[in-house]
Amino acid sequence: MTVAVTPLTHEEREAVRALAVAPEQADFVATNAESIEEADERPECVPLAVHADGKLVGFAMYALDPDDGNYWIYRLMIDRRFQGRGYGRAALLRVVELIAAQPGCTLIVLGVQPGNTHARRLYASAGFHETGEMIGGEVVMRYDLACCAAAG
C-alpha cells in the first residue's frame with residue numbers, strides 16, 4: 001500500500017467534494033466542500049488530497065494558525081468506502097512529515113470531537129497527546145516534534 005498526500009489540485013476539487021465519511025461520523029468533521037471554501041478564504045490553509053495506490057481516498061488540511069503561531073491539522077478524513085484499511089493512519093503520518101519539514105516547526109496541534117474515540121485513538125497511536133484543553137468543544141492534542149524525534 002502506498003499512501004501519498006499531495007497539494008489539492010484544481011482538477012481534484014470536485015472529486016474531493018464528493019468524498020464523505022460514514023453517516024455516524026458526519027458530526028465529527030466539516031464537509032470537504034466547507035473545508036475547501038475555508039482554504040479559499042484563508043491563505044494559511046493548505047488543502048491536501050489523500051491518495052492510496054494512486055486512487056483518491058481522502059482529504060486533509062493544515063495551517064500555520066495566526067492566533068497561536070502553531071501548525072494545526074485542521075482536517076483529516078478518509079472516504080467511507082476506504083475506511084478500515086490503514087489509509088487514515090498513513091495519511092496522518094504523511095501530514096505530520098509535511099508539517100515537520102516547515103522551518104521552525106516544533107509542535108503540531110489538532111482538535112478532535114470528544115466522542116470521536118476512533119480518531120482520538122488514532123492520533124494517540126501516532127504520538128499525539130491530549131493537553132487537557134478544550135477549544136470550540138474539541139479536545140486539543142499536540143505532537144511535540146523535539147520529544148517525539150528524541151524518542152524515535
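Here's a quick rundown of the structure. (Residues numbered from 1 in each chain as written. Predicted model: local features only at pLDDT ≥ 70, side-chain atom pairs only at ≥ 80, totals over all residues. Heavy atoms only, no water.)

1. Quick notes on the overall build of the chain
So, step 1. When helices and strands are counted, the chain shows five helices and seven strands.
So, step 2. The order of α-helices and β-strands along the chain, N terminus first, is β-α-α-β-β-β-α-β-α-β-β-α.
So, step 3. What you see for the chain is a C-alpha radius of gyration of 15 Å, in line with the 15 Å of a compact globule of 152 residues.
So, step 4. For the chain, the spread of C-alpha atoms along the principal axes amounts to about 35 × 35 × 30 Å.
So, step 5. Taken across its 152 residues, the chain has 44% of its residues classed as buried.
So, step 6. Considering only intrachain contacts with a sequence separation of at least 6, the fraction spanning at least 24 residues in the chain is 57%.
So, step 7. For the chain, the computed accessible surface area is about 8000 Å², with 52% contributed by carbon and sulfur atoms. (Helix = DSSP H or I, 4+ residues; strand = E, 2+ residues; numbered from the N terminus. Rg over C-alpha atoms; globule rule 2.2 N^0.38 Å. Buried < 20%, exposed > 50% of the residue type's maximum accessible area, 1.4 Å probe, protein only. Contact = heavy atoms within 4.5 Å. Areas by Shrake-Rupley, 256 points an atom, 1.4 Å probe, with all protein chains shown as cover.)

2. Digging into the sheet that holds strand S4 (residues 71–78)
So, step 1. Strand order in the open sheet formed by seven strands is S1-S2-S3-S4-S5-S7-S6, and the pairing between neighbours is mixed. The outermost strands of the open sheet, each flanked by one partner alone, are strand S1 (3–7) and strand S6 (129–135). For this sheet, the mean inter-axis angle between neighbouring strands, taken without regard to orientation, is 30°.
So, step 2. Pairing geometry for S4 and strand S5 (residues 107–112), over three bridges, is parallel. (Pairing = 2+ DSSP bridges. Axes fitted to C-alpha atoms, helices over the stretch in contact; angles between N-to-C directions.)

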